[in-house]
Amino acid sequence: EVHARYLEPALGWPEIYLLNWPITVRGALEIHLLARALGASSGLAHTVVLDVALVLWVGAFFALVLRLNPRRWPVALLGLGTAFQLSFELGVLPFFLGTGAALLVIALEVGATRSSLARDALLLVALYLVARVHAHPAALAGVLVLAVRAAGPRPVRDVVGAVAAGLPALAVALATS
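Just so we're clear, the structure is a prediction, and the values are computed from it rather than from any experiment.

## A word on the side chain of His134
(1) Moving on: Mapped onto the secondary structure, His134 falls in the loop between α8 (117–133) and α9 (135–150).
(2) Moving on: Dropping the residues within four chain positions of it, His134 is found in contact with Arg26, Pro94 and Phe95.

## A short note on the packing of α8 against helix α10 (residues 155–176)
(1) Moving on: It is the contact of α8 with α10, at a shortest axis distance of 8 Å, that shows an interaxial angle of 30°. Considering the angle they form, α8 stands roughly parallel to α10. Crossing angle aside, the handedness with which α8 passes α10 is right-handed. Contacts from Leu117, Asp120, Leu123, Leu124, Leu127, Tyr128, Ala131 and Arg132 in α8 reach Arg157, Gly161, Ala162, Ala164, Ala165, Gly166, Pro168, Ala169 and Val172 in α10.

## Remarks on the pattern of salt bridges
(1) Moving on: A full pass over the atoms with the stated rule returns 4 salt bridges.
(2) Moving on: For the salt bridge of Asp120 with Arg149, the shortest nitrogen-to-oxygen distance reads 2.7 Å. A residue pair is termed long-range when its members are at least 10 positions apart, and Asp120 in helix α8 and Arg149 in helix α9 qualify at 29 residues. Arg149 carries the same exposure label as Asp120, and that label is buried.
(3) Moving on: For Arg157, the salt bridge is made with Asp120, and the minimal N-O distance between the two is 2.8 Å. With a gap of 37 residues between them, Arg157 in helix α10 and Asp120 in helix α8 connect regions that are remote in the sequence.
(4) Moving on: Classification of Arg157 by relative accessible area gives partly exposed; the value is 32%.
(5) Moving on: One network of salt bridges, in which partners are shared, links Glu109, Arg119, Asp120, Arg149 and Arg157.

## Observations concerning α9
(1) Moving on: Between its terminal C-alpha atoms α9 stretches 22 Å, which fits the 22 Å expected from 16 residues at 1.5 Å a residue.
(2) Moving on: Of the surrounding secondary structure, the elements contacted by the buried residues of α9 are α7 (93–110), α8 and α10.

## Some words on the confidence of the model for the protein chain
(1) Moving on: On average, residues of the protein chain score 81 in pLDDT, and 85% of them reach the 70 mark or higher.
(2) Moving on: Under a pLDDT of 50 for its full length, residues 1–7 has, in the predicted model, 18 contacts with residues more than four places off or in other chains.

## Points about the packing of α9 against α10
(1) Moving on: Here α9 crosses α10 at 175°, and the two axes come no closer than 9 Å. In terms of axis orientation, α9 runs roughly antiparallel to α10. On α10, the residues touching Ala135, Val145, Leu146, Arg149 and Ala150 of α9 are Pro155, Asp158, Val159, Gly161, Ala162, Val163 and Ala173.
(2) Moving on: Looking at the contact of α9 with α10 residue by residue, the classes come out as 9 nonpolar, 1 polar and 2 charged.

Criteria and cut-off values
- The residue numbering used here restarts from 1 in each chain and proceeds along that chain's sequence as written.
- The model is predicted, so local features are restricted to residues of pLDDT at least 70 and side-chain atom pairs to those at 80 or more, both for listing and for counting; the totals for chains, interfaces and linings are taken over all residues.
- Calculated side-chain values reflect all of the structure's heavy atoms, with hydrogen atoms and water omitted.
- By definition, any uninterrupted DSSP run of H or I lasting at least four residues is a helix, any uninterrupted run of E lasting at least two residues is a strand, and each is numbered from the N terminus.
- Only heavy atoms enter the contact rule, under which two residues are in contact if any of them lie within 4.5 Å.
- Interaxial angle, 0 to 180 degrees, is taken between N-to-C directions of lines fitted to C-alpha atoms, where a helix line uses only the stretch in contact.
- Any angle that is under 35 degrees is reported as roughly parallel, and any over 145 degrees as roughly antiparallel; angles of 65 to 115 degrees are reported as roughly perpendicular and all others as oblique.
- Helix crossings fall into two classes, left-handed where the near helix is turned counterclockwise from the far one by less than a right angle and right-handed where it is turned clockwise.
- By salt bridge we mean one thing: a side-chain nitrogen of Lys or Arg within 4 Å of a carboxyl oxygen of Asp or Glu.
- Relative accessible area decides the class of each residue, using a 1.4 Å probe on protein chains only: under 20% of the type maximum gives buried, over 50% gives exposed, and in between gives partly exposed.
- Each residue after the first adds 1.5 Å to the expected span of a helix.
- Confidence per residue, as judged by the predictor, is encoded in pLDDT with a range of 0 to 100.
- Residues were grouped as follows: Ala, Val, Leu, Ile, Met, Phe, Trp, Tyr, Cys and Pro as nonpolar; Asp, Glu, Lys and Arg as charged; and all remaining residues, including Gly, as polar.

Spelled out as structure tokens, the structure:
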């Protein structure tokens, strides 16, 4: 819930935003509650949520660039600038967290040489967790994983594994939409 405007200098983010229980705060709420359980004040817990979101985005962007081409590591530094985007500034934290997590899922999948049952299980858990935070980034990550796997050496087995891994994420998306 928005309780004030950004232009009011006397108020910080903890006073502007109140984390509540609806589906629109998934992901951010869990981090907030964990920080509170560890003894952080409400304001510090909200700062922890924002910091985790930024580190996740920057780290995932960096990992994706390095997986695509390690010699282009200077391009990975652009992740620092792209982290401060409109969805972060507007406080759309579930989408921002989900997108960062989806980038990390894509980075893990892009450089993979072969899929296996263990890799499919890791993909299942990762896509499920991304979908718990926000369904749209999970769907985009799933489509990109399918595209990457379809171009691989064993497309039928790899695509079937990816589809099976995406079913729990699809169930979450359907249940929450």
